[in-house]
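A structural walkthrough
In case you want the letters, here they are:
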Amino acid sequence: MKVGERYGIEARNHEHHHPPYVGIYFILVFLTLASILISQIVHRQKAPAYVFSISTVKALLIALFYMHLKYEGRWVLAFAIIPLIIFALVLFALMPDVVPYQKM
Amino acid sequence: MDEQVRVLDELEKEEYESVPVPFQKLGFWVFLGGEIIILGGIVASAILFRLSYPGWFKSSEHTNVVIASINTMVLLTGSLTAVLAHKFATIREWGKVQLFLGLTALCGFTFIGIKFIEYSREIHHGFVPSAGIFWMFYYGITGLHGLHVLAGSLIILGVMLFLRKKKLVEAVENAGLYWHFVDIVWLYIFPLFYLT
C-alpha cells in the first residue's frame, strides 16, 4: 500500500476532472484551420502576431484541459510556472541579439 | 518492533503531507520544466530571429504547408487519444487504455514517417541545412522536435507493455503529459516555419 493511500491523501489527489476532451479537440482543429487561413490572407508583416496568438490560445487549451493544469494544486502549478518565468527571462535576454537586424 | 513501525509511519506521513502531490507526478513536472526551458529557449530564439529577419518569409515559402498541416492534425489527434487513455485509466477500463495508447503511438510514428517524406522532398530540391540560416533553424528545430516525438511514442509503447504487468494510472498520465508537451512545442514550430 502506498503511503498516501494509507492516510487517505492519495484519494484527494486523484480527484480526476474530465472536461469535454472531444469538444476541445474540435476547437483546436478549428483554430489550426483559422491560423492557416489567416496566414494566407493577412499581410505578411501582421500575420505572425495573429498566428502566434492563436498558437498561444491552443497551447493554453492543451495545458489547462489536456494536461489538467486547471485542476492541479499549487505544487504542480509552481513546477509548471517557474520554468515559464525562466523561459520569459531567456526570451528577454535574447532580444538584444536580434534587434540589430531590424536596423540593418 | 511495533514502535519502530509506528515511528516510521509517522515520518512517512509527515513527509507525504509536506508535499501533497504524488512524487512521480512532481518528478515528471521537474523533468518537463527542464524541457520547457531547453526546447522553449531554442524555439523562442528562432521566433525572435524570424521577427527581425526580412528574408525569412521567402525561405518559408518553400516549405510544404499541406504536409505540415496534416502533421499538425496527427499530433492533435495523438493528444486527444493520449488524454482519453488517461480518462479510461482513471475508471479502470484497461482495454480502452491500451487501445488509445496504441493509437497515440501510431500518431507519433505517422508524424515521423510524414516528416521523413517532407525532408526527402526538401533535400531533393536542394534545401539542405547549409542552404541558408532559415534551413539551419528548420532542420535543427524540427529534427530536435522529431526526436522528442520519437521518444514520446516509445514512452507510450513502453507504458502499454508495462500495463500488462501493473496497472498504474500515474504511468498513463505522465506519458500523456510528455505527449502534450511535445504537441505544444509543435504549435509554435508550425507557424514559425510554415505560416509566416
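Please refer to the structure higher up on the page.
**A short note on the overall build of chain A**
Counting its regular elements, chain A contains 5 helices and 0 strands. Its helices and strands taken in sequence order, chain A reads α-α-α-α-α from the N to the C terminus. Buried residues in chain A amount to 19% of all 104 residues.

**Section: the overall build of chain B**
Each helix and strand counted, chain B has 7 helices and 0 strands in total. Shown N-terminal to C-terminal, the secondary structure of chain B runs as helices and strands in the order α-α-α-α-α-α-α. For a compact globule of 196 residues, the expected C-alpha radius of gyration is about 16 Å, and chain B comes in at 21 Å, more than 25% above that figure. The principal-axis extents of the C-alpha atoms in chain B amount to approximately 75 × 35 × 20 Å. When contacts within chain B are restricted to residue pairs at least 6 apart in sequence, those whose partners lie at least 24 apart make up 81%.

**Overview of the interface of chain A and chain B**
In this complex, chain A contributes 46 residues to the contact, which on the side of chain B involves 45 residues. Looking at the side of chain A that touches chain B, the elements that each hand over two or more residues are α1 (3–6), α2 (9–13), α3 (21–41), α4 (47–66) and α5 (74–103) of chain A. When residues of the side of chain A that touches chain B are assigned to their parent elements, the largest contribution, 17 residues, is made by α5 of chain A. In terms of residue class, the side of chain A that touches chain B is built from 34 nonpolar, 10 polar and 2 charged.

**A few points about α3 of chain A**
Taking 1.5 Å per residue, 21 residues should reach 30 Å; α3 of chain A reaches 30 Å between its end C-alpha atoms and fits that length. Among the residues making up α3 of chain A, those that are buried are Ile24, Tyr25, Leu28, Thr32, Ser35, Ile36 and Ser39 of chain A. In a view along the axis of α3 of chain A, the buried residues occupy a sector of 125°, so they form one face of it. Turned more than 90 degrees from where α3 of chain A packs its buried face, Val22, Gly23, Phe26, Phe30, Leu37, Gln40 and Ile41 of chain A sit exposed. The elements touched by buried residues of α3 of chain A are α4 of chain A together with α4 (65–90) and α7 (169–195) of chain B.

**A closer look at the environment of Lys87 of chain B**
All names here are of chain B. Its location among the elements puts Lys87 in helix α4. Look at Lys87 and you get buried, because 20 C-beta atoms sit within 10 Å. With 82 residues separating them in the primary sequence, Lys87 and Val169 have C-alpha atoms 9.2 Å apart.

**Re the environment of Gln45 of chain A**
Residue and element names in this part refer to chain A. Secondary-structure assignment places Gln45 in the loop between α3 and α4. With 10 C-beta atoms packed within 10 Å, Gln45 lands in the exposed category. In this structure the C-alpha to C-alpha distance between Gln45 and Tyr25, which are 20 residues apart in sequence, comes to 29 Å.

**Comments concerning the nonpolar core**
Counting residues in hydrophobic clusters, the biggest one holds 58 residues, and the most contacted among them are Val43, Ala85, Leu101, Val185 and Ile189 of chain B. Looking at this core, the elements that each hand over two or more residues are α3 and α4 of chain A together with α2 (23–52), α4, α5 (94–124), α6 (133–165) and α7 of chain B. Top contributing element to this core by residue count: α7 of chain B, with 17 residues. When sequence neighbours within four positions are dropped, the list of residues in contact with Leu101 of chain B reads Ala85, Ile156, Val159 and Met160 of chain B.

So, how was this worked out
- Residues numbered from 1 in each chain as written.
- Chains lettered and ligands numbered in written order.
- Predicted model: local features only at pLDDT ≥ 70, side-chain atom pairs only at ≥ 80, totals over all residues.
- Helix = DSSP H or I, 4+ residues; strand = E, 2+ residues; numbered from the N terminus.
- Buried ≥ 20, exposed ≤ 12 C-beta atoms within 10 Å, placed from the backbone.
- Rg over C-alpha atoms; globule rule 2.2 N^0.38 Å.
- Contact = placed C-beta atoms within 7 Å.
- Nonpolar A, V, L, I, M, F, W, Y, C, P; charged D, E, K, R; others polar.
- Expected span 1.5 Å × (residues − 1).
- Arc of directions from axis to C-beta.
- Core = buried A, V, L, I, M, F, W, Y, C linked by C-beta atoms within 7 Å.

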